[in-house]
Amino acid sequence: MKLYVYVQEAKGLPAKDYNGLSDPYVKLQLGKSKARTRVIRKTLNPSWNEEFTFKVDDLSEELHISLWDEDKFLVDDFLGQVKVPVSKVLDSEKHTMPLTWFPLQSRSNRSKSKPCGEILLTVSLYGRENYNRFLHQESGLTRYVNAESLSARESTEPIETLARISNSSLSSFGSGASEEASSIQEDKMNTSSLAGRFFAMFTNKNTETTNKITETTNKTTETTNQTERAESESSENYHDCEDNSEEEQSDGFFEEGFYSTDSGEQEIPSPLPGGILLDQTYATSPRNLNAILFGPNSDFKRELAQLEGTTDLVEGPWRKAAGEPMKRVVTYTKAATKLVKAVKATEEQTYLIADGKVFAVLSSVSTPDVPYGSSFRCELLFCITPGPEVPTEEESSHLSVSWRMNFIQSTMMKSMIEGGARQGLKDSYQQFSKFLTQYATPLDVSSLAFEQEQPRLDLQMDPQSEWKLIVSYIGIFTLVSTLFSLAYLLLHIFLANPSVMQGLEFGGLDLPDSLGEVITCGLLVLQVERIFKMISHFMHARFQKAGDHGIKAQGDGWLLTVALIEGKNFSAVDATGYSDPYVVFTCNGKPRTSSIKLQTLDPQWHEIFEYDATEEPPSVMDVEVFDFEGPFAEATSLGYAEINFLKFTSQELADLWIPLQGRLAQACQSKLHLRIFLNNTKGPDVVTQYITKMEKEVGKKIARRSPQTNSTFQKLFSLPSEEFLINDFSCYLKRKMPLQGRLFLSARMLGFYANLFGHKTKFSFLWEDIEEIVELPPSLASMGSPSLAIFLRRGRGLDASHGAKYTDDKGRLKFHFQSFVSYNVACRTIMALWRNRALSLEQKMQIVEDEEPTDSGDLQNEDSGYFLGVEEASMTKVHSQTLPFSVESLMELYDGGRLDKEIMEKSGCLNYRTTAWEIYKQKVYQRQIWYKFNRNVSGFGVEITSIQQKSKLDDGNGWIIDEVLTLHGVPFGDHFQLQVRRELENAVSASEACNVRVFVGIAWLKSTTSQKRITKNIFEKFTDHLKETLRLAEEEILTKKQLR
């Protein structure tokens, strides 16, 4: 059984500090399991809004809750306590104690003791069956603590912990992910972690030597109590960093002009003796790489933590004291596995060097909860230095990460701890290095010169003159024999006497007088004609040079570079037994042509072709080899090939032999040697820009997927690392029998995956392969829902033929998808991606012209009947109220500021997050919201994602706020969407008053027999929540006015 405790707030706490306030936090203990909240500074009425879970082994146990005042340099002061028997929770209705103010007691429990204040709690008890259901619905946003006591066998845990610091397995699709999560939670192995994937993300370079590293490390040695206080302090600093204006915070350190300019050259620290974990060069400047790893606004560490399953990540602000280097504290909890339970870690990062070009950061990681954890620290040194020059003239940087174990106390386990740490860190930084490539492109320094410069050098290694080329092409014997014949003929004319005219000859016409003369003249004419044709052919070939070779690409985005190295075993089509081959590359409709190599079957090119940058990565490139016959003759194809970039990794493309197709090529087994490089010059921004572009096409906000989800998607379909998931939909694939699965959409492909009783169905095809998409109306065969029929071009998508319903009379594969949970959104997304990739500009313009007559009608229907692609529900007025202040004051509740977050948290919303208001269309603003209801509001701990739109009333006297909410983690959550409309209008009768009207409706996407019951429950619960939100806002706004 599990005990859930929701700590909301406290009031009337005693003052323990000299300023008449306190810094309160809460400790919770059930049996041997412990937990604590964050510290709230300088208040006697703190609000935490945190939820915890404990494992219940004995119903006779008591939940002990105590409040403390934190003192940084002295012992923390006791504020009060309360004890809640588990049996009392069990006897409560539905095993839940409602939100209740519990009076705090002193330690003495004397009746005349001073009042200690009150704390607002709710406690719930759930059995294993219910708990497993809830566990499968958790998203990881709420902080859970499952602290269990250490067993006697944990003396070997540091080794197991470090050895398991391999990459956490990514969540699988289907029910397997839920079963794995459940088994981990129920696992009773209590092995502690060194928290060691110290994904020491930052690297800097500029300070002293290893002696200063040791000196800085000694300053980080603290006791376990000090470590705990540092965690709570950094947590508070993290949450309040935007409002904190103390001079010691130095997040501006990452802005230009804030780097140290100490006189004298600082020595770069030597690598730590434990070894090198990462040694790589990246195509970005040292300053950018430093900002990626250690910048206060960088998403790298948060997304890496999410990928590895690390929770409770708190990054404190960078601080600089007088005469001291820049420092900050990072705390996190490493994810549990079947062998190792979750463990907390504290990481202190210190800049040793930071001058704008060189950065060095020393990271000291402590894990006091691990056995022997107080006797050692794991240290990592990040060094970022300028890298070598690259041919593109862009900046590069070199990152080096080294480590060592710093033993503060002597222990017999030293060698075992070091051995476990070595293997654990090695596995962890393989994951780190792989994930960093999504933010900075790695460079292979050893092969960089060969990949880009060597082909250009090879062009100068063959500086043959034109005469040498002519001789090698025509041949020595042919040239010598022709010259000899011409010389002999001229000499004969010079020596011979004029002959007497005879026969049919007349003045100016001298005919041959014998058969021998006829033969000699004929041979001379044929030889001269042959030589003339060869020279003409040579000159045309030489003039048709590789005009595209060496031309630099333009723009930023996805740059495609192709290096043509050589060819092998080409077919001979000329009478001479050779060919004159040249290659044509075509990508995104743009051709690139190589030079012509004369009279060879194994040509050597060493030429480079670049394509201008595009907004999305290319899908395929066509390659065809031709034999040159002349400027007006029809070229003979020696072979062709299609390169699908989704089927090759970047390493495979960097050195690729392509077998050619075609009758001549297959007979001779012809092949081409290529080096292909696909680079993203915009970094992670290119993904964001592409998704923003698709949002405009789809008409709906598209959330960027997490690195973990993208990685799983790439592994599922064996895709390269640059491919990113845009959206996925649950649907049925209609063949002989409907097959339920998921449809995955990315920038370059459409894929389907299903796993039915262990039988997996998986296929994918490119957007360019699609010739036609047809929307089919609802029918009995499609179970009453619209469906999509996708037709591929003839001969395309053959690898996906096992998923096709049939092949039509035109030879096209037909795929039939139906029963989408959200058909409108799925259809719009699929059509937008297909039109963006597969259609030419002329086709897109034709579609726009064809749809012009119906566009206005569609937009009209969208304004009246649709909201962001969701069908509008019939709205019911559920609440009306007049508030004693203006609409402008009430709109603070919806501006994403302090009042908005505070009211929503008090009303039972955990981890409340919003985006800024953005212009959606004319006079309409839009934002997104994420939060989770605590179990007092919803027993399922339901998660909410919503989209809000606001617009002025027609008379400008108020606002209309429309909202569409999607509920996750509840039964039938995919069957409906909740819609809310708030009308806020200034009252006419009073200047300082406003009228509020709230309407609620449910849009049913799929029918269910529980529809009436679900509707009634939602209207009751959600209406109460809306009323509570307005009540709290009224109290807060009025209190704020009284204080003015």
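One can find the structure itself at the top, above this paragraph.
Below: a short report on this structure. Not measured: the values here are computed from a predicted model. (Residues numbered from 1 in each chain as written. Predicted model: local features only at pLDDT ≥ 70, side-chain atom pairs only at ≥ 80, totals over all residues. Heavy atoms only, no water.)

Describing helix α16 (residues 685-698)
Then, number 1: Counted at 1.5 Å a residue, the expected span for α16 with its 14 residues is 20 Å, and the 20 Å between its end C-alpha atoms agrees.
Then, number 2: Along α16, the residues classified as buried are V686, V687, Y690, I691, M694, E695 and V698.
Then, number 3: The inward-facing, buried residues of α16 abut β17 (558-568), β24 (671-680), β25 (725-733) and α18 (823-838).
Then, number 4: The first or second residue beyond α16 is G699, which carries a positive phi of 80°. (Helix = DSSP H or I, 4+ residues; strand = E, 2+ residues; numbered from the N terminus. Expected span 1.5 Å × (residues − 1). Buried < 20%, exposed > 50% of the residue type's maximum accessible area, 1.4 Å probe, protein only. Contact = heavy atoms within 4.5 Å.)

Examining the pairing of strand β4 (residues 47-55)
Then, number 1: Of all nine residues in β4, eight are buried, a share of seventy percent or more.
Then, number 2: Pairing geometry for strand β1 (residues 2-11) and β4, over seven bridges, is antiparallel. Counted as the bridge partner of L3 is F54 from β4. (Pairing = 2+ DSSP bridges.)

Considering helix α8 (residues 300-308)
Then, number 1: Counted residue by residue, α8 has seven buried out of nine residues, so it is predominantly covered.
Then, number 2: Here α8 has its buried residues at F300, K301, E303, L304, A305, L307 and E308.
Then, number 3: Buried positions along α8 lie against α7 (286-294), β10 (311-315), β11 (327-334), β12 (343-354), α9 (414-436) and α17 (707-717).
Then, number 4: In the stretch just after α8, G309 is the one whose phi turns positive, near 85°.

Observations regarding empty space enclosed by the protein
Then, number 1: Within this structure, the stated rule accounts for seven cavities of 30 Å³ or more.
Then, number 2: As a volume, the largest cavity reaches approximately 170 Å³.
Then, number 3: Tallying contributions element by element places helix α22 (residues 1011-1043) first for the lining of the largest cavity, with five residues.
Then, number 4: Classifying every residue of the lining of the largest cavity by side-chain character gives 11 nonpolar, three polar and four charged. (1 Å grid on protein atoms, 1.4 Å probe; cavity = no way out; pocket = protein on both sides within 12 Å on 5 of 7 lines; lining within 4 Å. Points joined across faces, edges and corners; volume = space filled by probe spheres on them. Nonpolar A, V, L, I, M, F, W, Y, C, P; charged D, E, K, R; others polar.)

A few points about the sheet that holds strand β15 (residues 397-407)
The pairing of strands in a sheet comes from backbone hydrogen bonds and takes either a parallel or an antiparallel form.
Then, number 1: Spatially, the eight strands line up as an open sheet ordered β10-β11-β12-β13-β14-β15-β9-β16, and their pairing is antiparallel. The open sheet has two free edges, formed respectively by β10 and β16 (442-443), since each of these has just one partner strand.
Then, number 2: In terms of strand pairing, β12 meets strand β13 (residues 359-366) through eight bridges, oriented antiparallel. What sits directly across from T350, in β13, is L362.
Then, number 3: Sheet strands in contact with α7 are β9 (275-282), β11, β12, β13, β14 (376-386) and β15, and its direction is about 150° off that of β14.
Then, number 4: Each of β10, β11 and β12 touches α8; the most contacted strand, β10, lies at about 165° to it. (Axes fitted to C-alpha atoms, helices over the stretch in contact; angles between N-to-C directions.)

A look at the nonpolar core
Then, number 1: Judged by nonpolar contacts, the single largest core of 71 residues is most densely connected at F585, M621, I676, F815 and F817.
Then, number 2: Broken down by element, the residue count for this core peaks at 10 residues, all from α18. (Core = buried A, V, L, I, M, F, W, Y, C linked by side-chain atoms within 4.5 Å.)

Description of the environment of T681
Then, number 1: Locating T681 in the fold gives a position in the loop between β24 and α16.
Then, number 2: Overall, the relative accessible area of 34% leaves T681 in the partly exposed class.
Then, number 3: Those residues in contact with T681 that sit more than four places away from it in its chain are D556, G557 and L559.
Then, number 4: In terms of polar contacts, T681 uses its side chain to reach the backbone amide nitrogen of G557, at 2.7 Å. (Polar contact = N/O pair within 3.5 Å; in protein donor to acceptor, adjacent residues only side chain to side chain.)

Side note on the packing of helix α21 (residues 898-906) against α22
Then, number 1: Between α21 and α22, whose axes approach to 9 Å, the crossing angle comes to 130°. Judged by the angle between their axes, α21 and α22 are oblique. In this structure, α21 crosses over α22, and the sense of that crossing is right-handed. Counting all contacts with α21, which are made through R898, L899, E902, I903, M904 and K906, the residues of α22 involved are H1025, T1029, L1032, A1033, E1036 and I1037.
Then, number 2: Its residues assigned to classes, the contact of α21 with α22 comprises six nonpolar, two polar and four charged. (Parallel < 35°, antiparallel > 145°, perpendicular 65-115°, else oblique. Left-handed = near helix turned anticlockwise from the far one by under 90°.)

Observations concerning the pairing of strand β23 (residues 656-659)
Then, number 1: What you see with β23 is a clean split: L656 and I658 sit on the buried side and W657 and P659 on the side with no burial.
Then, number 2: Bridge analysis of β23 against β24 gives four bridges, and the strand direction is antiparallel. Residue pairing across strands places I658 opposite L672, the latter belonging to β24.

Overview of a nonpolar patch on the surface
Then, number 1: Together, L504, F506, L509 and L511 make up an exposed nonpolar region whose accessible area comes to about 400 Å².
Then, number 2: Its location among the elements puts L509 in the loop between α12 (476-495) and α13 (515-543). (Patch = residues over 30% accessible without salt bridge, like charges linked within 9 Å, V, L, I, M, F, W, Y side chains within 5 Å. Areas by Shrake-Rupley, 256 points an atom, 1.4 Å probe, with all protein chains shown as cover. Salt bridge = Lys/Arg side-chain N within 4 Å of Asp/Glu carboxyl O.)

Focus on the sheet that holds strand β21 (residues 620-627)
Then, number 1: The strand order β19-β18-β21-β22 describes an open sheet built from four strands, whose pairing is antiparallel. The open sheet has two edge strands, β19 (590-593) and β22 (636-644), and neither has a second partner. Put simply, the sheet's adjacent strands are angled 20° from each other on average, direction ignored.
Then, number 2: In this structure, strand β18 (residues 581-587) lies alongside β19, joined through four bridges in antiparallel fashion. When the bridges of β19 are listed, F585 appears paired with R592.

A look at unusual backbone geometry
Then, number 1: Of note, N569 is a non-glycine position whose phi angle comes to about 60°, a positive value.
Then, number 2: Mapped onto the elements of the fold, N569 is located in the loop between β17 and β18.

Here we look at the pattern of salt bridges
Then, number 1: The final tally for this structure, using the stated rule, is 37 salt bridges.
Then, number 2: Across the pair E902 and K906 runs a salt bridge whose closest N-O atoms are separated by 3.7 Å. In this pair, E902 and K906 are both assigned in helix α21, four residues apart and thus about one turn of the helix distant.
Then, number 3: A relative accessible area of 24% means that K906 is categorised as partly exposed.
Then, number 4: The shortest N-O distance in the salt bridge between R1031 and E1035 comes to 2.5 Å. In this pair, R1031 and E1035 both sit in helix α22, four residues apart, roughly one turn of the helix.
Then, number 5: A network of salt bridges, in which partner residues are shared, links D299, R302, E315 and R328.

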